[in-house]
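As a plain string of letters, each chain reads:
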Amino acid sequence: MKHLKVADLMTDEVVSVAPGTAFKDVAKLLAQYDISGVPVLDDEDRVVGVVSQTDLLARTVPGHHPSEQGITATGPPTAGDVMSTPAVTVHAEETVADAARLMTRRGIERLPVVDVEDRLVGIVTRRDLLRMFLRPDSEIRRRVTDEVLSEVLGVPTGDVEVHVVDGIVALDGHVERRSQLPVLLSLVEQLDGVVAVASHVSARTDDTATAQADHARHAMPG
């Protein structure tokens, strides 16, 4: 089954700045392009940090003193002075689901996308990721029924009922072998657009003990 990659959703035209870009110029770029942050690149296009609206606001808070963050007062602040580092990035070949989990875990709105040499190749946002989850429930149900149950697991039609509401998949019925249950759950959870899975599927036969015995027998020295 095909899983969406970050490269499938990212925007490859990225607004970026250098560490020496003036603070006020960064603020102008955010306003001009209506974006929440920009990656900061070194001379080899590697991401060394990110400047967000939060970083800019923190710098302008009354009572803020440059010495508190190691910023000198010898001149106007730059992107390198206010950026968050190390930058949180994602590789283009990672799955969209992985990127979504990373974004949620770190509480960020935008992820710079890098290649195998960590050079910037694009940007992905929460809005981009939402496009993945905005899939019709009917499409998700079809993929669970046709791809997971029929093609991969070989479950006869009608043995497992599939209901999908707002991306939440409910499964009810039975499969032939108990070893199929964790595989079923894992495959459905990985489908693009699935928010959660509630499984009430049982197995006709318990083949796990037999499988463990076979494994132990093959593992014994001859």
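Structure shown above.
Remember, it's a predicted structure, so these values are computed and weren't measured experimentally. (Residues numbered from 1 in each chain as written. Predicted model: local features only at pLDDT ≥ 70, side-chain atom pairs only at ≥ 80, totals over all residues. Heavy atoms only, no water.)

Just to check I follow, could you spell out the overall build of the protein for this structure?
Broken down by element type, the protein carries nine helices and eight strands. Evaluated residue by residue, the protein yields a buried proportion of 36% over its 222 residues. Within the protein, contacts between residues at least 6 apart in sequence are counted, and of these 60% link residues at least 24 apart. By element, 52% of the accessible surface of the protein is carried by carbon and sulfur atoms, the whole surface being about 13,100 Å². (Helix = DSSP H or I, 4+ residues; strand = E, 2+ residues; numbered from the N terminus. Buried < 20%, exposed > 50% of the residue type's maximum accessible area, 1.4 Å probe, protein only. Contact = heavy atoms within 4.5 Å. Areas by Shrake-Rupley, 256 points an atom, 1.4 Å probe, with all protein chains shown as cover.)

Honestly, the nonpolar core in this entry has me stumped. Any pointers?
The tendency in soluble globular proteins is for nonpolar side chains to be buried side by side. Membership of the largest hydrophobic core comes to 18 residues, with the highest contact counts inside it found for Val144, Val160, Val162, Val169, Leu171 and Leu184. Of all the secondary structure elements, the ones that give two or more residues to this core are α7 (137–152), β6 (160–165), β7 (168–177) and α8 (180–189). A total of four residues in this core trace back to one element, the largest contributor, which is α7. Beyond its immediate chain neighbours, meaning those up to four positions away, Val169 contacts Ile140, Val144, Val162, His163, Val164, Val188, Val194, Ala196, Val197 and Ala198. In this structure, Val90, Val96, Ala100 and Leu129 belong to the second largest nonpolar core, which totals 15 residues. (Core = buried A, V, L, I, M, F, W, Y, C linked by side-chain atoms within 4.5 Å.)

Hey, could you run me through the environment of Asp98 in this one?
Structurally, Asp98 can be placed in helix α5 (residues 96–106). A residue is classified by how much of its surface remains accessible, and Asp98, at 32% relative accessible area, is partly exposed. Note: C-alpha distance between Asp98 and Lys5 (93 residues apart in sequence) is 9.2 Å.

What should I look at first to understand the pattern of salt bridges in this one?
Counted under the stated rule, the structure contains nine salt bridges. Among the ionic pairs, Glu109 bridges to Arg126, the shortest N-O distance being 3.3 Å. One end of the pair, Glu109, is in the loop between α5 and β4 (110–114); the other, Arg126, is in helix α6 (residues 126–133), with 17 residues separating them in the sequence. Here Glu109 falls in the partly exposed class, since its relative accessible area comes to 44%. When the shortest N-O distance is used, the salt bridge between Glu176 and Arg204 registers 3.3 Å. Pair noted here: Glu176 is in strand β7 and Arg204 is in strand β8 (residues 196–205), with a separation of 28 residues, a long-range link. Relative accessible area serves as the criterion here: at 39%, Glu176 is assigned to the partly exposed category. We classify Arg204 as partly exposed; its relative accessible area is 45%. Each of the salt bridges in this network shares a partner with another, and the network as a whole consists of Asp159, Glu176 and Arg204. (Salt bridge = Lys/Arg side-chain N within 4 Å of Asp/Glu carboxyl O.)

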